[in-house]
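Read off the chains here:
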Amino acid sequence: MNATQSATAHDVVIGLEVHVQLATQSKLFCSCATRFGAPPNTLTCPLCIGMPGTLPVMNRHAFELALQTAVSLDCQIAPFTKWDRKNYYYPDLPKGYQISQYDLPFSHDGHLDTYDPKGNLPVRRVGIIRVHLEEDAGKSMHDEAAGKSDSLIDLNRTGTPLLEIVTEPDMRSPAEAKAFLTELKLLLTYLGVSDCNMQEGSLRVDANINLHVPRNGETIATPIVEVKNMNSFRAVERALEYEAGRQWEEWQATGQKMGDVPKQTRGWDDAANLTRPQRHKEESSDYRYFPDPDLVPVVVSPEEIEVITKSLGELPAALRSRLESEYGLSAYDSDVLVNQGRSLASYFVQVAEACGNGKLASNWIQQDILRLLKERQETIDDFPVSAAALADLLRKVDQGELDTSKGRDVLGGMIDSGQPAEDVMLELGIAAVDESELTALCEQLLVENERIVADVQAGKVQAIGALIGQAKKRNPNVNPGRVREICLQLISKRA
Amino acid sequence: MSLSREAVTKVALLARLELTPEELDSITSQLGQIVDYVQQLSSVDTEGVEPMAHAMEQHNVFRADEVRPSLPREEALANAPRHNDEYYRVPAVLGD
Ligand SMILES: [Zn+2]
């Protein structure tokens, strides 16, 4: 039996610690580039490799991106914030301390609501304890060459601006943790504060997890375990599923409560599908924080927060509900469009506004435009058909001038030639059939096909198909759906 | 003396310093003197005085987000006791 689904009810309690690299050009305290993938140790200077006598100066843009993120997470922005030294000794940390924030982080007490378009998960308001700004460390890797037991250090990443986002233990399942991360990443992507690339380490997640077990009217908390080394949101979910099961078994075997044993750190092994205890660094948890005398504090005024707030633009949650309320989209459709990013969502809004049919615009963008973008390997910003031009085409589809299949042909022509729908239709010999012309044609067909009319009147509506076939023979440009509608209307008038 | 041998042992471990018993004795005594010296500040009455976050009154010192050339790798690695022309070489780092 899977222990997480055990009949005995217990809560799984999860809190997350997310590190996000900010999308600045240069590092937090020096002017070295933050570019990923440069040859090792080519993006360093005396400051970021910890030479004596150097002094850090804060990157204004990094602080602005940090503020934008915190404001978007509904955090309180501290009017006064300072930086502290977190002291520990590690080869990828050349100064012997990391510049971080301890007792006066620049923001605290925010929240973010999880979202599940399928409605399978409850909307969970996840509290944000704090968001603070710190510098990243370098990277160490084991030297496998010649069996030497050395480690190799690349300090390119040292000093890259890093946001640490710490949540309350508010999530109650691994799926909720994944939903939170998905929503957080979407928000950060909309803000453009980070590229959130987990493979390149721009977004890193650690999780704290334990169980709350009801017993004799009390709730017993089991020891908290910190899980590390998860390289995708899916891995986070799987690691937490495994860990919840493992902790339940351990609780049943040992009955250990929080405080009975020191906090444990475990690493996720994705291939083996399990977590393993990591080496205890109990000594190193004594970080001896103290204010960094090299950096002066930062004061943020309410006016500055106001300016930041106004600059944020529409954020995913608000955009989703607007697409639903203003354009009649389902939760699923609005989620798909919003997940494509700000540019595509705004393309949709422009098309929907101009063609007047949000549902139609959503269908075309999801079925055709997204497929085309994938095939052409381009983003909506480079797509040759503007929102206005697509709206023009969709108006013709909406009014029955074109059916979906002809509409697709026209769209193809618009992409190839860059011409508007009207011109492409001329070129392809697709003339819009005038409504009165179409009605006349339908009347003619009814006169010529009394038997079909009688069949339809007798309830065999599918007989109308033969009329549509005849109509297309006489004029290939007719819209079959519209022929069907008009014929049915005329027949019902006769009855 | 305000500093115990145990405290110095712990600080030495945190700084990854290996001290002989003799060194531990002399450093405990030297560090203790420094701590005692600084301890004099405790005699000042700070009742009602706001703690300072920084010795200077200045705040909000920023620079623009502009890239400037980094050190040539050769120079960056020049002071390292060991390197392989690309990376710094250090004794094995275990785990994560
Ligand atoms: Zn640098």
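Because the structure is predicted, anything quoted here is derived from the model rather than measured.

**Examining the interface of chain A and chain B**
Here is step 1 of the chain: Every contact between the two is made by 57 residues of chain A and, on the other side, 37 residues of chain B.
Here is step 2 of the chain: Counting the contacts that link chain A with chain B gives three salt bridges.
Here is step 3 of the chain: Remark: the boundary between chain A and chain B carries 23 residue pairs in polar contact (both at pLDDT 80 or more).
Here is step 4 of the chain: A per-element tally of the side of chain A that touches chain B places strand β10 (residues 150–154) of chain A first, with five residues.
Here is step 5 of the chain: A class-by-class count of the residues in the side of chain A that touches chain B yields 30 nonpolar, 14 polar and 13 charged.

**Observations regarding unusual backbone geometry**
Here is step 1 of the chain: Here the phi dihedral of N41(A) falls at roughly 60 degrees; this positive angle occurs in a residue that is not glycine.
Here is step 2 of the chain: What makes N41(A) buried here is its relative accessible area of 0%.
Here is step 3 of the chain: Of note, the phi angle at N60(B) is positive, near 50 degrees, even though the residue is not glycine.
Here is step 4 of the chain: By the element assignment, N60(B) lies in the loop between α2 (21–39) and β1 (62–63).

**Looking at the sheet that holds β10(A)**
Here is step 1 of the chain: Taken in spatial order, the three strands of this open sheet run β9(A)-β10(A)-β2(B), and their pairing is antiparallel. On the outer flanks of this sheet lie β9 (139–142) of chain A together with β2 (88–91) of chain B, each paired with one strand and no other. When the angles between neighbouring strand axes are averaged without regard to direction, this sheet yields 35 degrees.
Here is step 2 of the chain: By the bridge criterion, four bridges tie β9(A) to β10(A) in an arrangement that is antiparallel. Residue K139(A) lies in a different strand from β10(A), and its bridge partner there is D154(A).

**A few points about the coordination of the zinc ion**
Here is step 1 of the chain: Surrounding the zinc ion are the protein donor atoms C30(A) (SG), C32(A) (SG), C45(A) (SG) and C48(A) (SG), at 2.3 to 2.4 Å.
Here is step 2 of the chain: Given a relative accessible area of 1%, C32(A) falls into the buried group.

**Re the domain arrangement of chain A**
Here is step 1 of the chain: Examined at the domain level, chain A breaks down into domain 1 (3–303), domain 2 (314–428) and domain 3 (435–494).
Here is step 2 of the chain: Averaged C-alpha coordinates put domain 1 of chain A and domain 3 of chain A at centres separated by 66 Å.

**Description of a nonpolar patch on the surface**
Here is step 1 of the chain: Taken together, the side chains of L31(B), I34(B), Y37(B), V38(B) and L41(B) make up a nonpolar region of the molecular surface, amounting to roughly 520 Å² of accessible area.
Here is step 2 of the chain: Within the element layout of this structure, I34(B) appears in helix α2.

**Points about α2(B)**
All names here are of chain B.
Here is step 1 of the chain: Under the 1.5 Å per step criterion, the end-to-end length of α2 is 26 Å for 19 residues, consistent within 8% with the ideal 27 Å.
Here is step 2 of the chain: L24, T28 and G32 are the residues of α2 that are buried. With its buried residues spanning 65 degrees around the axis, α2 presents them on a single face. Facing away from the buried side of α2 by over 90 degrees, the exposed positions are E22, Q33 and Y37.
Here is step 3 of the chain: In this fold, the buried residues of α2 make contact with α1 (5–14).

**Quick notes on the environment of V205(A)**
Residues and elements named next belong to chain A.
Here is step 1 of the chain: Residue position: V205 is located in strand β12 (residues 203–215).
Here is step 2 of the chain: A relative accessible area of 2% places V205 in the buried class.
Here is step 3 of the chain: When the C-alpha positions of V205 and R482 are compared, they lie 55 Å apart, and in sequence the two are 277 residues distant.
Here is step 4 of the chain: Setting aside anything within four residues of it in sequence, one finds V205 in contact with L16, E17, L181, M198, M230, F233 and V236.

**Remarks on the sheet that holds strand β5 (residues 84–87) of chain A**
Here is step 1 of the chain: As summarised here, the arrangement of the three strands in space is β6-β5-β17 (chain A), forming an open sheet in which the pairing is antiparallel. Whereas interior strands pair on both sides, the edge strands pair on one side only; in this sheet they are β6 (97–100) and β17 (290–291) of chain A.

**Considerations on the confidence of the model for chain A**
Here is step 1 of the chain: Taken residue by residue, chain A gives an average pLDDT of 92. The fraction at 70 or more is 95%.
Here is step 2 of the chain: Taken as a whole, residues 1–7 of chain A scores under 50 in pLDDT and shows nine contacts with residues more than four places along the chain or in a different chain.

Rules of the game
- Residues numbered from 1 in each chain as written.
- Chains lettered and ligands numbered in written order.
- Predicted model: local features only at pLDDT ≥ 70, side-chain atom pairs only at ≥ 80, totals over all residues.
- Heavy atoms only, no water.
- Contact = heavy atoms within 4.5 Å.
- Salt bridge = Lys/Arg side-chain N within 4 Å of Asp/Glu carboxyl O.
- Polar contact = N/O pair within 3.5 Å; in protein donor to acceptor, adjacent residues only side chain to side chain.
- Helix = DSSP H or I, 4+ residues; strand = E, 2+ residues; numbered from the N terminus.
- Nonpolar A, V, L, I, M, F, W, Y, C, P; charged D, E, K, R; others polar.
- Buried < 20%, exposed > 50% of the residue type's maximum accessible area, 1.4 Å probe, protein only.
- Pairing = 2+ DSSP bridges.
- Axes fitted to C-alpha atoms, helices over the stretch in contact; angles between N-to-C directions.
- Donors = N, O, S within 2.8 Å, 3.2 Å for Na, K, Ca; no water.
- Domains from an automatic or database assignment.
- Patch = residues over 30% accessible without salt bridge, like charges linked within 9 Å, V, L, I, M, F, W, Y side chains within 5 Å.
- Areas by Shrake-Rupley, 256 points an atom, 1.4 Å probe, with all protein chains shown as cover.
- Expected span 1.5 Å × (residues − 1).
- Arc of directions from axis to C-beta.
- pLDDT = per-residue confidence, 0-100.

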